[in-house]
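Coordinate inspection notes
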Amino acid sequence: MQRIHYAGGVLLTGNDIADAIVDYAAALATGRSAASVDIPIRTADGGVGRAHLLVGPASQLVTEPVESEFDELVDEALVARLRTATTGLSSTRPLVGGVSSDEEIDDADTDDLEWPPIR
C-alpha cells in the first residue's frame, strides 16, 4: 500500500494506483493541463472508499510505502486507463508521409482517452 499526501491530507491506496497517479500528474504538468481522477482508498476503519483528486501542474503529490493490515487495493482497469492517458500525453509520435503544414493530421489514436475525467 502507499500513502498519498495530497492537499494537506493523506490517502491510503494500492501501490500500482499511487504510482499511476503520480506518473499521470507529471505528464499533465508537462503539458500544462489538469484532470480529475477518482480512486479507491482505504478509510480509517479499513473499509473501501473513493477519493476524487484534481491533478496537474500545481499538484504536489508525495507517496510513501506503508505497511497495512488491510488487503492491497487493486483496480487494474483504472491503472490501465491512467497508463494509457499518461502515454498519450507524454509520447511523441513521428510524422510519416510528409504531411504539409496546411493538411489535417489524423489523431484518431487519442480517441480512447477519456474525457470527462477518468473514473
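This structure is a prediction, so every number in the text was calculated from the model and none was measured.

What counts and what doesn't
- Residues numbered from 1 in each chain as written.
- Predicted model: local features only at pLDDT ≥ 70, side-chain atom pairs only at ≥ 80, totals over all residues.
- Heavy atoms only, no water.
- Core = buried A, V, L, I, M, F, W, Y, C linked by side-chain atoms within 4.5 Å.
- Buried < 20%, exposed > 50% of the residue type's maximum accessible area, 1.4 Å probe, protein only.
- Helix = DSSP H or I, 4+ residues; strand = E, 2+ residues; numbered from the N terminus.
- Pairing = 2+ DSSP bridges.
- Salt bridge = Lys/Arg side-chain N within 4 Å of Asp/Glu carboxyl O.
- Patch = residues over 30% accessible without salt bridge, like charges linked within 9 Å, V, L, I, M, F, W, Y side chains within 5 Å.
- Areas by Shrake-Rupley, 256 points an atom, 1.4 Å probe, with all protein chains shown as cover.
- Lys, Arg positive; Asp, Glu negative; His and termini not counted.
- Charge placed at Lys NZ, Arg CZ, Asp CG, Glu CD.
- Contact = heavy atoms within 4.5 Å.

**Description of the nonpolar core**
Among the nonpolar cores identified, the biggest contains 26 residues, and Ile4, Ile21, Tyr24, Ile39, Leu53 and Val55 are the most heavily contacted of them. Of all the secondary structure elements, the ones that give two or more residues to this core are β1 (2–6), β2 (9–13), α1 (15–30), β3 (35–42), β4 (48–55) and α2 (76–90). At 7 residues, α1 tops the list of elements feeding residues into this core.

**Focus: the pairing of β4**
Along any regular strand, the residues point their side chains to alternate faces of the sheet. Of the two faces of β4, the one lined by Gly49, Ala51, Leu53 and Val55 is fully buried and the one lined by Val48, Arg50, His52 and Leu54 carries no buried residue. Where β3 lies against β4, 8 bridges are found, and the strand directions are antiparallel. Bridge assignment links Asp38 to a residue of β4, and that residue is His52. Between β3 and β4, which pair antiparallel in sequence order, lie 5 residues; one of them, Gly46, sits at a positive phi of approximately 95°.

**Overview of the pattern of salt bridges**
Tallying each qualifying case throughout the model produces 3 salt bridges. Measuring nitrogen to oxygen at the nearest pair gives 3.2 Å for the salt bridge that ties Glu64 to Arg3. Placement of the pair is Glu64 in strand β5 (residues 62–65) and Arg3 in strand β1, with a sequence separation of 61 residues. Taking the shortest distance from any N to any O, the salt bridge between Asp23 and Arg83 comes out at 2.4 Å. With Asp23 in helix α1 and Arg83 in helix α2, this residue pair connects regions lying 60 residues apart in the sequence. Take Asp23: its relative accessible area is 34%, and that puts it in the partly exposed class. The class for Arg83 is partly exposed, based on a relative accessible area of 32%.

**Considering the pairing of β3**
Across the 8 residues that make up β3, a large majority, 8, are buried. Side-chain alternation along β3 places Ala35, Val37, Ile39 and Ile41 on one buried face and Ser36, Asp38, Pro40 and Arg42 on a second face that is also buried.

**Here we look at a negative patch on the surface**
Among the surface-exposed residues, Asp16, Asp19, Asp71, Glu72 and Glu76 lie close enough to one another that they form a single negatively charged patch. On the secondary structure map, Asp16 appears in helix α1. A relative accessible area of 53% means that Asp16 is categorised as exposed.

**Looking at the environment of Gly47**
With respect to the helices and strands, Gly47 occurs in the loop between β3 and β4. Note on Gly47: relative accessible area 27%, which makes it partly exposed. When the C-alpha atoms of Gly47 and Phe70 are compared, they prove to be 8.9 Å apart, with 23 residues separating the residues in sequence. For Gly47, the residues in contact, after removing those within four places along its chain, are Ile41 and Arg42.

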